[in-house]
Amino acid sequence: MYKRFLSLLLCMCLAAAMFPAVSQAAETPSSVFAGGSGTAEDPYQIATVEQLWQFASLVNSGDEAYRSASYRLTADLDLGEELWTPIGMDDAHSFRGTFDGGFHFITGVKVDLPALIEPGVGSSAAFFGTVEGGVVENLYVIGEIKAFNASGLVYTLCDGSVLRNCTFSGGVSAAWIDGRNLGYTCALVTTNSDSLIANCYVTSADILNGGFFGGNRDGSKARAENCYTSNLYPTFAAQQTDIEHCFSFIFPEWLPSESTDIFSPDAYENGCGLFTGLDGALYKADGTPLTEEGTLLEALNAWVDSHPDEGYVRWTQLPGSYPQFSPSPYYVSLSTETGAYIARGTEGEFTPIDDSGGDIIDYNYNVTSFPLLETESRTVYIHTHPGYRLYDVLVDGVSVGPVTQYTFPPATENHTLKARFVLEGSLSNFTMDQPYSGYRDIDESLWYGTGQEGSVRDATALGLFAGNGQGDFLPDANLTLAEVVKLAAVIRSTYRADQYTFDQTSGEHWWDTYVAYALDAGILEPDEFTDFSRPATRGEMAAILYPALPDYEMYSDLYISPPDVEDYASAFARATPHAYEIIKLYSLGIVQGCDAQGNYHPDWNITRAEAAAVVVRLTLPDRRLPAPVSQDEANTSADREVS
C-alpha cells in the first residue's frame, strides 16, 4: 500500500512539474469561472478549456474550498491533446466535491507520463487522480492515458465516492519495460474502495487485458451496478467488489462460458449477464437466455426505473450503436465522405472515393450517432487527417461550408451531419517551368526527342529529370531502383503540395531520404528492396510509380494486359510479378509493349529515356497514349524505343 501511494504521489508531483499550476492569488471565482458560487445549488460553471484547466489547478493547489466545491460543465470541450494534469493529483490534494459533466463530453484528453519515476517506482494517472468522498457524474471523456498504471476516468475512487452516468472512450496503456508489461490498466477506475460505480459503460476503449475497474485497497469493498462494456476487455473480474446487474460482451462462439475472466463467480447470481451483439440479447454463463431481463437496453432501463431517486438517467439505443445513457430522446446521425476534388470553374466537382479523410469527434468514437440535449446546445468537432482538407459540411442536407465545428441548439427534433473531405493534391501542380536547352547526347529526331514524343524535354521541364552535370542525359543508361524511388517520392510530394524537404545528406546514402518518404507514404513496403543501387526492371518501375498517385487518378474502365503479363497463375504460366500495376499503367496508356509482339518484358531493365516518357505520361494525362480497346487489340510496336 505504501509503495502504491508513493508511486501515485511521485507521479503526480512529476505531473505538476510538467504542467505547472496557474496561480490564482489575484483572481476571484467570478473571474475564473463562467458563473456560480461553488455550492450544490449554485455550482461553479465551466464553459471553456481555460476554465477546466483553472479548475484542475485550483484543486491541485490544495485549497480546501475548491477541493470540496461543486462544479458543472456547460459546454463540450476539446483539449486538443495538450498534455493534461489529472484533477486531484494525489491523496493530499484529492477532489472531494461534485463534478457534474452536464452530459457534455471532453475530447482530446492526453496524459503521457514516463513509465518509471525512479527505479522500482512507477507512475499512475487518469483524467481525475484521486476522488475522495466526491461525486463525478454525467460525463463523457475521450482520450489517451499512458502511464505505468493507468485508467480512463479516475485513478483512485475512495471513501464513499460515486461515479455515476459516466463513460470513457479511447486508449489506456500501461508501461512496457524490457519487453514486459509491468503495469496495469483499467477502463474507468484503477483503485476502487468503499465507493460506487453506477450506470456507466465503456465502448471503443483500446484496453489490453484490463478491467472495467480495478481492485480495492486496504481490503475494503466497493460496488458496481447497472454497467456494461461492449469490449471483450475491459472485464468485471475484480476482487472484493460487489457486482450487480452488470453486463459484458462475449463472442458468440465462446458460449457457454466457464471463464472467470469476465465476471467473478458469484456475479451471475446477482443479475449479471452476457451479450453477443447489437441486438442486446442476454445470456447466462451456460449459454441459456437471460429472458427475465429482456434485452440489454431493457435491462438497463428496468434498473433505472426501479431506482428513481439515485440520479440515474435512462438509456437509449441509437442507430448503429450500443445503448447509451441520455437525458434526451433526440440525436444527430453522423457520416463522413471522402472524395476527389478537381476545379471546374467556380462550382467544383466532388467525386467520392474509397478513403478516409477525417473524423467527426463525438463522445463514443466511430459511432454513427449521438444524443442531443433538450436544454443546452451541443457542439460537434470535425478533425481532418493529414494530406486532406475539409471540403464541406452538410447539416440536414444543407451546406454550412467547411466549418471545423458545428453547434446544435437545444433539440426539438433529430438532425443529420455529413462531413466531406478531399485529398489535398492535384495534377495541376505539375508545371513545366524548368528551362530546357537540350543535351549533347540527345538526338531530337528520335522517339524521345522534340521531333516526336518530346519526353526528355518535358521530363526536364517538369523538374523530374536532369542531366549528368556535364551536358549529357544518358538516354540509354539504366535507371537504378534508388532513382525510381526518387521519382515516385517527388511525384507524390508534388501532387500533394506538402512542401517536403528531401535532404540527401540525412542518411548513409543519398537516396535514404526518398526511401523514408516512400515508406511513410505507402509507396514501398518495409524490406521490399534491399539494394537500391542496382538497375530497376520495367516491372519494378511500374510497381513503384503506380502508387505515387492516388487510385482515383489512375482509374480506367479497361483492364488489358500486355501479351507476356499474366495476372493470375494457371496450369500454363505463373503470375507475373507486379502484374496489377503493369496492367493498370498499360490500360491507361502510360506504358506499353516494347517489341513487335507488344510484349512488356517486365524483367528487362528500364532506361532513362523510357522512364522519362513514363513519368511525363503519368503526370500529364493529355500526353498518355491511346489505350488498347480490347485484349485482342493490345498495343504492339516494332522496336524497344517505345516504353
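Per chain, residue numbering runs from 1 following the sequence as it is written. Under the rules for a predicted model, residues below a pLDDT of 70 receive no local features and side-chain atom pairs below 80 are neither given nor counted, while totals for whole chains, interfaces and linings still include all residues. Think of the side-chain values as coming from all heavy atoms in the structure, minus any hydrogens and water.

Chemist: Now, about the nonpolar core: what can you tell me, with residues and values included?
Modeler: Residues enter a nonpolar core if they are buried and are Ala, Val, Leu, Ile, Met, Phe, Trp, Tyr or Cys, with the set joined through side-chain atoms within 4.5 Å. Three exposure classes are used, based on accessible area relative to the maximum for each residue type with a 1.4 Å probe and protein chains only: buried under 20%, partly exposed in between, and exposed over 50%. Core analysis: the biggest nonpolar cluster contains 65 residues, and Phe465, Ile491, Phe532, Ile544 and Leu545 have the highest contact counts within it. Note on conventions: DSSP H or I runs of at least 4 residues are helices, E runs of at least 2 residues are strands, and numbering of each starts at the N terminus. Counting residues per element, the ones that place at least two in this core are α6 (455–461), α7 (481–496), α8 (512–521), α9 (538–545), α10 (579–587) and α11 (608–619). With nine residues, α7 is the largest single contributor of residues to this core. By size, the runner-up hydrophobic cluster in this structure holds 61 residues, among which are Ile87, Phe99, Ile145 and Cys200.

Chemist: Which residues make up the pairing of strand β19 (residues 222–225), and what values go with them?
Modeler: Paired strands, as defined in this entry, are two strands with at least two bridges between them according to DSSP. Examined bridge by bridge, strand β16 (residues 196–198) and β19 share three bridges and lie parallel to one another. The partner of Leu196 across the bridge, within β19, is Arg223. Bridge count for β19 against strand β21 (residues 241–244) is four bridges, and the pairing is parallel. Its bridge partner lying in β21, Arg223 is registered against Asp242.

Chemist: Tell me about α9, and name the residues and values.
Modeler: Counting buried residues along α9, eight of its eight residues qualify, which places the element largely inside the surrounding structure. Along α9, the residues classified as buried are Arg538, Gly539, Glu540, Met541, Ala542, Ala543, Ile544 and Leu545. Contacts from the buried residues of α9 go to α7, α10 and α11. Whether two residues are in contact is decided by their heavy atoms: any pair within 4.5 Å suffices.

Chemist: Explain the packing of aromatic side chains to me, using residue names and the numbers behind them.
Modeler: Ring pairs shown here join Phe, Tyr and Trp side chains whose ring centres sit within 6.5 Å, with only the six-membered ring taken for Trp; geometry is labelled stacked below 30 degrees between planes, edge-to-face above 60, and tilted in between. Scanning all chains against the criterion turns up 38 aromatic pairs. Where Phe33 meets Tyr44, the ring centres are 4.7 Å apart and the plane angle is 20 degrees; that geometry is what we call stacked. In this pair, Phe33 is assigned in the loop between α2 (29–32) and β1 (44–46) and Tyr44 in strand β1, connecting sequence segments 11 residues apart. Here Phe33 matches Tyr44 in class, with each residue buried. Considering the side-chain rings of Phe127 and Phe128, the 5.4 Å spacing of their centres and the 80 degrees angle between planes classify their relative orientation as edge-to-face. An aromatic cluster is present here, built from Phe33, Tyr44, Trp53, Phe55, Tyr66, Tyr71, Trp84, Phe95, Phe99, Phe127 and Phe128 joined pairwise through their rings.

Chemist: Go over the side chain of Arg624, please, and point to the residues and values.
Modeler: Mapped onto the fold, Arg624 is located in the segment after α11. Buried within the structure, Arg624 lacks any salt-bridge partner; its nearest side chain of opposite charge belongs to Glu553, at an N-O separation of 6.3 Å. There is a polar contact of 2.9 Å between the side chain of Arg624 and the backbone oxygen of Leu618. Arg624 has contacts with Glu553, Leu588, Gly589, Ile590, Arg617 and Leu618, leaving out every residue within four places of it along the chain. Counted as positive: Lys and Arg. Counted as negative: Asp and Glu, with His and the chain ends omitted from the count. Salt bridge, as applied in this entry: a Lys or Arg side-chain nitrogen positioned within 4 Å of an Asp or Glu carboxyl oxygen. Polar contacts here mean pairs of N or O atoms no more than 3.5 Å apart (in protein, one a potential hydrogen donor and the other a potential acceptor; neighbouring residues in sequence count only if both atoms are side-chain atoms).

Chemist: Lay out the environment of Ser426 with the relevant residues and their values.
Modeler: Counting through the fold element by element, Ser426 comes out in the loop between β35 (415–423) and α6. Placed 123 residues apart in sequence, Ser426 and Leu549 show a C-alpha to C-alpha distance of 9.5 Å. One polar contact links Ser426 to Ser428, side chain to side chain, over a distance of 2.7 Å.

Chemist: Provide a residue-level description of the packing of α7 against α8, including the pertinent values.
Modeler: Two numbers describe a pair of packed helices, the interaxial angle and the distance between the axes. In contact at an axis separation of 9 Å, α7 and α8 are set at 60 degrees when each is read in the N-to-C sense. As the angle between them shows, α7 and α8 are arranged oblique. In the crossing of α7 with α8, the sense of the turn from one axis to the other is left-handed. Only Tyr514, Val515, Tyr517, Ala518 and Ala521 of α8 make contact with α7, whose side of the interface consists of Val485, Lys486, Ala489, Val490, Arg492 and Ser493. Looking at side-chain class alone, the contact of α7 with α8 contains eight nonpolar, one polar and two charged residues. A fitted line through C-alpha atoms serves as each axis, taken over the contacting stretch for helices, and the angle formed by two N-to-C directions is quoted from 0 to 180°. Roughly parallel means an angle under 35 degrees; roughly antiparallel means over 145; roughly perpendicular covers 65 to 115; every other angle is labelled oblique. It is the rotation of the near helix from the far one that decides the hand of a crossing: anticlockwise by less than a right angle makes it left-handed, clockwise makes it right-handed. Each residue gets one of three labels, nonpolar for Ala, Val, Leu, Ile, Met, Phe, Trp, Tyr, Cys and Pro, charged for Asp, Glu, Lys and Arg, and polar for the others, Gly among them.

Chemist: Kindly report on the pattern of salt bridges, identifying the contributing residues and their values.
Modeler: In the structure shown here, the tally under the stated rule is 17 salt bridges. In this structure, Glu376 engages Arg72 in a salt bridge whose closest nitrogen and oxygen atoms are separated by 2.7 Å. Of the two residues, Glu376 is situated in the loop between β30 (369–371) and β31 (378–384) and Arg72 in strand β2 (residues 70–73); the sequence distance between them amounts to 304 residues. We classify Arg72 as partly exposed; its relative accessible area is 25%. A salt bridge links Asp458 to Arg457; the shortest N-O distance between them is 2.8 Å. For Asp458, a relative accessible area of 3% gives the class buried. Since its relative accessible area comes to 30%, Arg457 is described here as partly exposed. In this structure, a network of salt bridges that share partners links the residues Glu64, Arg67, Arg96 and Glu132.

Chemist: Got a sec to walk through the packing of α7 against α11? Specific residues and values, please.
Modeler: The interhelical angle for the contact between α7 and α11, taken along N-to-C directions, is 15 degrees, at an axis separation of 12 Å. Taken together, α7 and α11 sit at an angle that is classed as roughly parallel. Between α7 and α11 lies a crossing whose hand is right-handed. On the side of α7, the interface is formed by Glu483, Leu487 and Ile491, while α11 contributes Arg608, Val615, Leu618 and Thr619.

Chemist: Residues and numbers for the environment of Leu394, please.
Modeler: Tracing the chain through its elements places Leu394 in strand β32 (residues 388–395). On a C-alpha basis, the gap between Leu394 and Thr336 in space is 10.0 Å, while along the polypeptide they are 58 residues apart.

Chemist: Report on unusual backbone geometry, specifying residues and quantitative values.
Modeler: Even without being glycine, Phe103 reaches a positive phi, approximately 60 degrees. With respect to the helices, strands and loops of the structure, Phe103 is situated in strand β4 (residues 98–112). Looking at Phe103, the relative accessible area reads 10%, which means it is buried.

Chemist: Mind laying out the side chain of Glu225, listing which residues take part and the relevant values?
Modeler: In this structure, Glu225 sits in strand β19. Leave out the neighbours within four places in its chain, and Glu225 touches Leu196, Ile197, Ala198, Asn199, Glu244, His245, Cys246, Trp303 and Tyr312.

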